[in-house]
Amino acid sequence: MNERENDVIVVGARCAGAATAMLLARRGLKVTVVERGRIPSDTLSTHGIARGGVVQLARWGLLDEVLASGAPAIRQVVLRTGDDEIVRPLKEYAGIDCLIAPRRYVLDGILARAAAEAGATILTGVTATGVMRADDGRICGIRARSADGATLKMKARLVVGADGVRSKMAGYFGARTVQEGARDAATFYVYVAGLPWRGFEYHVGRNGFAGVFPTHGGEACVWICGPESITAAATTDFTGLMAKVSPSLAARMAQGHITSRVRGAARLPNHLRQAAGPGWALVGDAGYHRDPVSGHGITDAFRDAELLARHIDDPAEYQRRRDAAVGEIFAITQQMARFPEPARFVALQRQLSRALDTEATDLALTEKEGALA
């Protein structure tokens, strides 16, 4: 039976977990990350990053590395409803003049390397199987299993669950679900090559929402969100479904070529969980997940990592700030995920855009509060 003692154990080494580990290790804490899979590797994600997330990458000194990896800097947003199209150049806001959509195996790899360079130990092929509790009930470590079947006991004064939307750590901690919304929507995507991409594109149709996030290698992630009833059509005839949601985007896709299988999910939860308790915390999708229609998951993960790193000694303050940060965007997302008629959907999209700009400004201002770098 192997034992490790740490200041912090982070379960999960993707966006939320690697960012959390990096920031805590930069503070001089002894951090171990356990990840059951392989890093870097791909994962289910449309991987567009809102401006707030780009602000944080820049503050952490990683944005240049992400851009150097070949992720294009996006400086234009297109919003199309029927035959009406609005093209808007991205103005500098909160010190950032671009958006990005890096492939997850690239982004997660950069974050994991940054965590390791900061001093965190990253163990892959290790699955958390439970938690350890002190006599007073406080979480004081985890039990885990390595790829070769060895049993591990790992002690820490804080255990962080960063294991995604279907978080087992949330269950081990006994985290309460504070708020829950409907889960009757679906999101599916493919990668398309051989076309010029104009920027981030959003196409509003009846009972559906589609878009384009240009990424590495001249490809773009082309996605569709809609009611759960789209599931069968998305997996069997993605281009046919796209023709119903956005005929113009479907026509352009036909001039390129699809380079991947259809990926996606239906009935993903809209939930807000308790963020922290005695000896534990949740970050990213493990603690808060909203429908992908608002494209905000990576920024959520980064924000939680930074908030927890700043308030690691005050779990109640981490909880308060996390809850305050998610409220408006969570509410807008839940309305968008009902896919109202196009005019209402466009109004919600504009409301979301304003909320994202406000969030980016708030995140940029945290630097003046002594943000971790």
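This is a predicted model, so every value here is computed, not measured.

Overview of the nonpolar core
What tends to happen in soluble globular proteins is that the nonpolar side chains get buried as a cluster. Ranked by size, the top nonpolar core spans 54 residues in total, and within it Val-8, Val-31, Leu-57, Trp-60, Leu-107, Leu-111 and Phe-302 carry the most contacts. Tallying contributions element by element places helix α1 (residues 15-26) first for this core, with nine residues. Contact partners of Leu-111, with chain neighbours within four places excluded, come to Cys-15, Ala-18, Ala-19, Trp-60, Leu-62 and Phe-302.

What to know about the pattern of salt bridges
The full count for this structure, using the stated rule, is 22 salt bridges. Put simply, Glu-85 and Arg-80 hold a salt bridge, and the shortest N to O gap is 2.9 Å. Using a relative accessible area of 32% as the deciding quantity, one classes Glu-85 as partly exposed. Residue Arg-80 is classed as buried on the basis of its relative accessible area, which comes to 17%. Linked through salt bridges whose partners overlap, the residues forming this network are Arg-80, Glu-85, Arg-198, Glu-201 and Arg-252.

Description of helix α7 (residues 238-245)
Within α7, the full set of buried residues consists of Phe-238, Leu-241, Met-242 and Val-245. For α7, the buried positions fall inside an angular range of 105° around the axis, keeping them on one side. Buried positions along α7 lie against β10 (185-193), β11 (200-205), β12 (208-214), β13 (220-227), α6 (231-236) and α8 (247-253).

Quick look at the side chain of Thr-20
Among the structural elements, Thr-20 can be located in helix α1. Contacts of Thr-20, omitting those with residues within four sequence positions, involve Val-10, Val-160, Val-283, Ala-305 and Leu-308.

A few points about the side chain of Arg-322
Within the fold, Arg-322 resides in helix α10 (residues 315-336). Engagement of the side chain of Arg-322 in a polar contact is seen with the backbone oxygen of Arg-273, the distance being 2.5 Å.

Side note on the sheet that holds strand β9 (residues 177-181)
The strand order β9-β16-β19 describes an open sheet built from three strands, whose pairing is antiparallel. Looking at strand neighbours, the two that pair on one side only are β9 and β19 (288-289), the edges of this open sheet. In this sheet, strand β16 (residues 270-273) lies alongside β9 in antiparallel orientation, the contact comprising four bridges. When the bridges of β16 are listed, Thr-177 appears paired with Arg-273. Against the sheet, α10 contacts β9, β16 and β19, and its axis sits at roughly 170° relative to β16.

Observations regarding the packing of α10 against helix α11 (residues 342-365)
Two numbers describe a pair of packed helices, the interaxial angle and the distance between the axes. Two elements in contact, α10 and α11, have axes whose closest approach is 10 Å; the angle formed by their N-to-C orientations is 160°. Classed by the angle they form, the pair α10 and α11 counts as roughly antiparallel. Handedness of the crossing formed by α10 with α11: left-handed. Packed against α10, whose contacting residues are Glu-328, Ile-329, Ile-332, Gln-335 and Met-336, the element α11 presents Arg-344, Phe-345, Leu-348, Gln-349, Gln-351, Leu-352, Ala-355, Leu-356 and Glu-359 at the interface. Of the residues in the contact of α10 with α11, the class split is eight nonpolar, three polar and three charged.

Examining the environment of Ala-325
With respect to the helices and strands, the residue Ala-325 is situated in helix α10. Taking relative accessible area as the criterion, Ala-325 reaches 32% and is therefore assigned partly exposed.

As for the packing of aromatic side chains
The geometry of an aromatic ring pair comes down to the distance between the two centres and the angle between the two planes. Per the counting criterion, the structure on display carries twelve aromatic pairs. Arranged with centres 5.3 Å apart and planes meeting at 90°, the rings of Tyr-288 and Phe-330 form a pair that is edge-to-face. One end of the pair, Tyr-288, is in strand β19; the other, Phe-330, is in helix α10, with 42 residues separating them in the sequence. The exposure class assigned to Tyr-288 is buried, which follows from its relative accessible area of 0%.

The rules behind these values
- Residues numbered from 1 in each chain as written.
- Predicted model: local features only at pLDDT ≥ 70, side-chain atom pairs only at ≥ 80, totals over all residues.
- Heavy atoms only, no water.
- Core = buried A, V, L, I, M, F, W, Y, C linked by side-chain atoms within 4.5 Å.
- Buried < 20%, exposed > 50% of the residue type's maximum accessible area, 1.4 Å probe, protein only.
- Helix = DSSP H or I, 4+ residues; strand = E, 2+ residues; numbered from the N terminus.
- Contact = heavy atoms within 4.5 Å.
- Salt bridge = Lys/Arg side-chain N within 4 Å of Asp/Glu carboxyl O.
- Arc of directions from axis to C-beta.
- Polar contact = N/O pair within 3.5 Å; in protein donor to acceptor, adjacent residues only side chain to side chain.
- Pairing = 2+ DSSP bridges.
- Axes fitted to C-alpha atoms, helices over the stretch in contact; angles between N-to-C directions.
- Parallel < 35°, antiparallel > 145°, perpendicular 65-115°, else oblique.
- Left-handed = near helix turned anticlockwise from the far one by under 90°.
- Nonpolar A, V, L, I, M, F, W, Y, C, P; charged D, E, K, R; others polar.
- Phe/Tyr/Trp six-rings, centres within 6.5 Å; stacked < 30°, edge-to-face > 60°.

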